[in-house]
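Okay, here's what each chain looks like letter by letter:
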Amino acid sequence: RDLFAERGFKGTSTRDIAERAGVSEVMIFRHFGTKANLFQESVVEPFTSFMQDYIADYHSREHGKLSPEEEGRALYTGLFEVLRAERQALLALMAARQFDDLPDTASAKVDAAFGQVLALLEKVVAIEAEERHFTDFDLAPTVRVMFSMVLAAALHGDWMGMGRTVSYDRVLDTMTQLTVRGLRVPPST
């Protein structure tokens, strides 16, 4: 993962990966088949795993206990932590996609994995919207905006002064408020 982040997909050889891991190059191919498979598993898998865990947890607990704000904040916090932890690998993935360094098969796997994450998010948001009687929004673009906000904060927050000018916690709170309430501020009591 570190090598992909440092050198990108094209600039990382399986020989370098094997050397860093302290195994033979044959072992890399025996376990992963291709460098593209290794890249997909090391970069994309953390997100789909998080979403699967989140969905399992979401379905296992009693709904209605958490407020919309608490539920939204929990989702944003979990996503942010996973994305931030994988920041370098994600930046490498974005660069590889931008400059067509990924083979078509690896690119298709990445598309499928992110499609799975978005589908899981749509499922959660649809359930929450139905249970809380939220209406008048378009699910697919709403989920993509939600994911884009947390992705931008995780990948580019330092460029936007997060952590210096404004804390990540405040940004996550604001994302939650925008998602749950829009630009309307709830009346003070």
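The residue numbers shown here count from 1 along each chain, following its written sequence. The model is predicted, so local features are restricted to residues of pLDDT at least 70 and side-chain atom pairs to those at 80 or more, both for listing and for counting; the totals for chains, interfaces and linings are taken over all residues. Excluded from the side-chain calculations are hydrogens and water; all other atoms, namely the structure's heavy atoms, are used.

Overview of the packing of helix H8 (residues 104-132) against helix H9 (residues 139-156)
Next up, step 1: Note on geometry: axes are lines fitted to C-alpha atoms, helical ones only across the stretch in contact, with angles between N-to-C directions running from 0 to 180 degrees. Here a strand is any run of E in DSSP of at least two residues, a helix any run of H or I of at least four, and the numbering for each starts at the N terminus. Put simply, H8 and H9 touch, their axes get as near as 9 Å, and they point 110° apart. Comparing their axes, H9 and H8 come out roughly perpendicular. The handedness of the crossing between H8 and H9 comes out as right-handed. Side by side, H8 and H9 meet where Phe114, Val117, Leu118, Leu121, Glu122, Val125 and Ala126 of the first sit next to Leu139, Ala140, Val143, Arg144, Met146 and Phe147 of the second.
Next up, step 2: Residues are grouped as follows: Ala, Val, Leu, Ile, Met, Phe, Trp, Tyr, Cys and Pro are nonpolar; Asp, Glu, Lys and Arg are charged; all remaining types, including Gly, are polar. Partitioning the contact of H8 with H9 into residue classes produces 11 nonpolar, no polar and two charged. Note that the term roughly parallel is reserved for angles under 35 degrees, roughly antiparallel for angles over 145, roughly perpendicular for angles of 65 to 115, and oblique for everything else. Should the near helix be turned anticlockwise from the far one by less than a right angle, the crossing is left-handed, and should it be turned clockwise, the crossing is right-handed. Contacts between residues were defined by any pair of non-hydrogen atoms, one from each residue, lying within 4.5 Å.

Considerations on the pattern of salt bridges
Next up, step 1: Only one rule defines a salt bridge in this text: a Lys or Arg side-chain nitrogen within 4 Å of an Asp or Glu carboxyl oxygen. For the structure on display, the rule yields seven salt bridges.
Next up, step 2: Across the pair Glu69 and Arg181 runs a salt bridge, and its minimum N-O distance is 2.4 Å. Linking Glu69 in helix H6 (residues 68-85) with Arg181 in helix H10 (residues 168-181), this pair joins segments that are 112 residues apart in sequence.
Next up, step 3: Judged by relative accessible area, which is 24%, Glu69 ranks as partly exposed.
Next up, step 4: For Arg73, the salt bridge is made with Asp173, and the minimal N-O distance between the two is 2.6 Å. Highlighted residues: Arg73 in helix H6 and Asp173 in helix H10, separated in sequence by 100 residues.
Next up, step 5: Judged by relative accessible area, Asp173 falls into the partly exposed class, the value being 41%.
Next up, step 6: Within this structure, Arg73, Asp169 and Asp173 form a network of salt bridges that share partners. Three exposure classes are used, based on accessible area relative to the maximum for each residue type with a 1.4 Å probe and protein chains only: buried under 20%, partly exposed in between, and exposed over 50%.

Notes on the nonpolar core
Next up, step 1: Grouped together as the largest cluster of nonpolar side chains are 44 residues, with contacts concentrated most on Leu102, Phe147 and Val150.
Next up, step 2: The leading source of residues in this core is H8, at nine residues.
Next up, step 3: The residues contacting Leu102, other than those within four sequence positions of it, are Phe9, Phe39, Leu93, Ala96, Arg97, Ser107 and Val110. Here, nonpolar core means buried Ala, Val, Leu, Ile, Met, Phe, Trp, Tyr and Cys residues that are tied together by side-chain atoms lying within 4.5 Å of each other.

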